[in-house]
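An overview of the molecular structure
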Amino acid sequence: MLETDFAVIGGSYAGLSAALQLARARRKVLVVDAGQRRNRFVDEAGGTSHGFLSRDGQAPGAIAAEARQQLLRYPTVQWIDGTAEDAALAEAGRFAFRAGGRSVHAGRLILATGVRDELPAVPGLQERWGRSVFHCPYCHGYELDAGAIGIIASGAVAQHHATMLPDWGQATLFLNGAYQPTEEELATFARRGTRVEAMPIARITGVAEVVLTDGRTLAMNGLFAQPRTHLASPVAEQLGCALTQGPTGAFIQVDAMQQTSVPNVFACGDAARAAGNVAIAVAEGAMAGVAAHRASMF
Ligand SMILES: Cc1cc2nc3c(=O)[nH]c(=O)nc-3n(C[C@H](O)[C@H](O)[C@H](O)COP(=O)(O)OP(=O)(O)OC[C@H]3O[C@@H](n4cnc5c(N)ncnc54)[C@H](O)[C@@H]3O)c2cc1C
């Protein structure tokens, strides 16, 4: 049995940031991480992360690795490479789960488990995820050199991309049978300069070439999709944390201090918001770490 004051489940940007606050308060903190960062596809493509102050243009894995190295210098930090499973309330208000073949008991939990993306079923899209297919224009729009940008609709949520992306290039919205804009939305797209293509997509080839079912091919510098998001881990549900439904999927409900609906369980990062990025995950992780520490005293 491993006993700890605090356990952080998920050791990427949000979890590392939460654990750092606790380590610096000289508290015993265990971090458990399954090593499946949401943006790992960018590393696999040899790409870079953008928009996080002082780390703009660095490999996402390198940012996380440096943060982990700095955290592990603190003597009260323990780390398990593995998946936290079977989370439950234990005796005396503590929490129990299994990780790395061990039983863990913790006084307070921070869930930083992130989300998993489910892309629309367009042949060729998944292989290009993080390479030339993205979801966040702030993260990857600038690098498309103000060129041709395709938006692959997977529902009405595509109207956001279709309205925003002209700030990053010449945008074409591919409805792909998934979304029928209203007259008002079409007027907005026209005002913004977004072309609308109704012909369904057969497949994606090359860097970001959209092959339509009528045989035409439209070459793009990059593509944007709106993946369905799923909580990457069932631990929040196992603990009875309330969830909130967002435009792309459910996330863990938290208050301004990152407290979930279950006392002494905090959540941060992509798992606890409708849309996130590295900077926001780090900020919310810091808040969760501070809040969990304060909850142990007040
Ligand atoms: C293709 C792509 C490109 C992106 N580019 C950018 C960018 O350029 N700039 C930017 O700011 N943001 C970018 N993002 C968004 C960014 O990846 C996320 O906002 C960020 O990773 C969220 O951090 P997080 O710590 O909340 O979750 P994650 O980074 O997803 O980490 C969650 C961690 O928890 C672990 N975990 C899950 N369940 C368990 C469990 N039960 N036990 C143990 N560990 C568990 C996972 O394995 C993972 O390591 C991109 C996302 C994608 C998909």
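What you see is a predicted model; the values in this text were computed from it and never measured.

Moving on, we come to the pattern of salt bridges. Under the criterion given, the structure shown has 13 salt bridges. E66 serves as the salt-bridge partner of R55, at 3.4 Å between the closest nitrogen and oxygen. With R55 in the loop between α2 (40–44) and α3 (60–71) and E66 in helix α3, the pair connects residues that are 11 residues apart, well separated along the chain. A residue is classified by how much of its surface remains accessible, and E66, at 31% relative accessible area, is partly exposed. Among the salt bridges present, the one from R98 reaches D86, with a minimum N-O distance of 2.6 Å. One end of the pair, R98, is in strand β5 (residues 95–99); the other, D86, is in strand β4 (residues 85–89), and 12 residues separate them in sequence. Since its relative accessible area comes to 41%, R98 is described here as partly exposed. Given the relative accessible area of 44%, D86 is considered partly exposed.

With that out of the way, let us pick up the pairing of strand β7 (residues 115–118). Here β7 shows one buried face, formed by V115 and D117, and one open face, formed by R116 and E118. In the sheet, β7 pairs with strand β16 (residues 228–231) via 4 bridges, with the strands oriented antiparallel. When the sheet's bridge partners are listed, D117 is paired in β16 with T229.

With that settled, the discussion passes to the site of the ligand. Around the ligand, the surrounding shell holds 35 residues, and the nearest of these are S12, D33, Q36, H50 and H140. Note that an oxygen atom of the ligand is positioned 2.7 Å from one of the backbone N or O atoms of Q36. The side chain of S233 places a nitrogen or oxygen atom 3.2 Å from a nitrogen atom of the ligand. Its free accessible area being 1000 Å², the ligand has 98% of it covered by the protein chains. Broken down by secondary-structure element, the contributors of at least two residues to the shell around the ligand are α1 (13–24), β2 (29–33), α4 (137–140) and α8 (278–295). Of the residues that constitute the shell around the ligand, the class distribution is 12 nonpolar, 18 polar and 5 charged. Both of domain 1 (2–116 + 228–295) and domain 2 (120–225) provide at least three residues apiece to the shell around the ligand.

With that settled, the discussion passes to the nonpolar core. Within the largest apolar cluster, 27 residues are counted, with the highest numbers of intra-cluster contacts made by F97, L109, L111, L239, C241, I252 and V265. Of all the secondary structure elements, the ones that give two or more residues to this core are β1 (2–9), β2, β5, β6 (102–111), α7 (235–239) and β19 (265–267). No other element matches β6, which puts 4 residues into this core. Once residues lying within four places of it in the same chain are set aside, the contact partners of V265 are F95, L109, L111, L239, C241, Q258, Q259 and T260.

This brings us to the domain arrangement of the chain. For the chain, the domain assignment lists domain 1 (2–116 + 228–295) and domain 2 (120–225). Between domain 1 and domain 2, roughly 800 Å² of surface is buried when both sides are summed, and carbon and sulfur atoms account for 60% of that area. Of all residues in domain 1, F41, A45 and H50 bury the most surface against domain 2, accounting for 53% of the area lost on that side. For the side of domain 1 that touches domain 2, the class distribution of residues is 4 nonpolar, 2 polar and 2 charged.

What counts, and at which threshold
- Residues numbered from 1 in each chain as written.
- Predicted model: local features only at pLDDT ≥ 70, side-chain atom pairs only at ≥ 80, totals over all residues.
- Heavy atoms only, no water.
- Salt bridge = Lys/Arg side-chain N within 4 Å of Asp/Glu carboxyl O.
- Helix = DSSP H or I, 4+ residues; strand = E, 2+ residues; numbered from the N terminus.
- Buried < 20%, exposed > 50% of the residue type's maximum accessible area, 1.4 Å probe, protein only.
- Pairing = 2+ DSSP bridges.
- Near = heavy atom within 4 Å.
- Polar contact = N/O pair within 3.5 Å; in protein donor to acceptor, adjacent residues only side chain to side chain.
- Areas by Shrake-Rupley, 256 points an atom, 1.4 Å probe, with all protein chains shown as cover.
- Nonpolar A, V, L, I, M, F, W, Y, C, P; charged D, E, K, R; others polar.
- Domains from an automatic or database assignment.
- Core = buried A, V, L, I, M, F, W, Y, C linked by side-chain atoms within 4.5 Å.
- Contact = heavy atoms within 4.5 Å.
- Buried area = accessible area lost by both parts, 1.4 Å probe.

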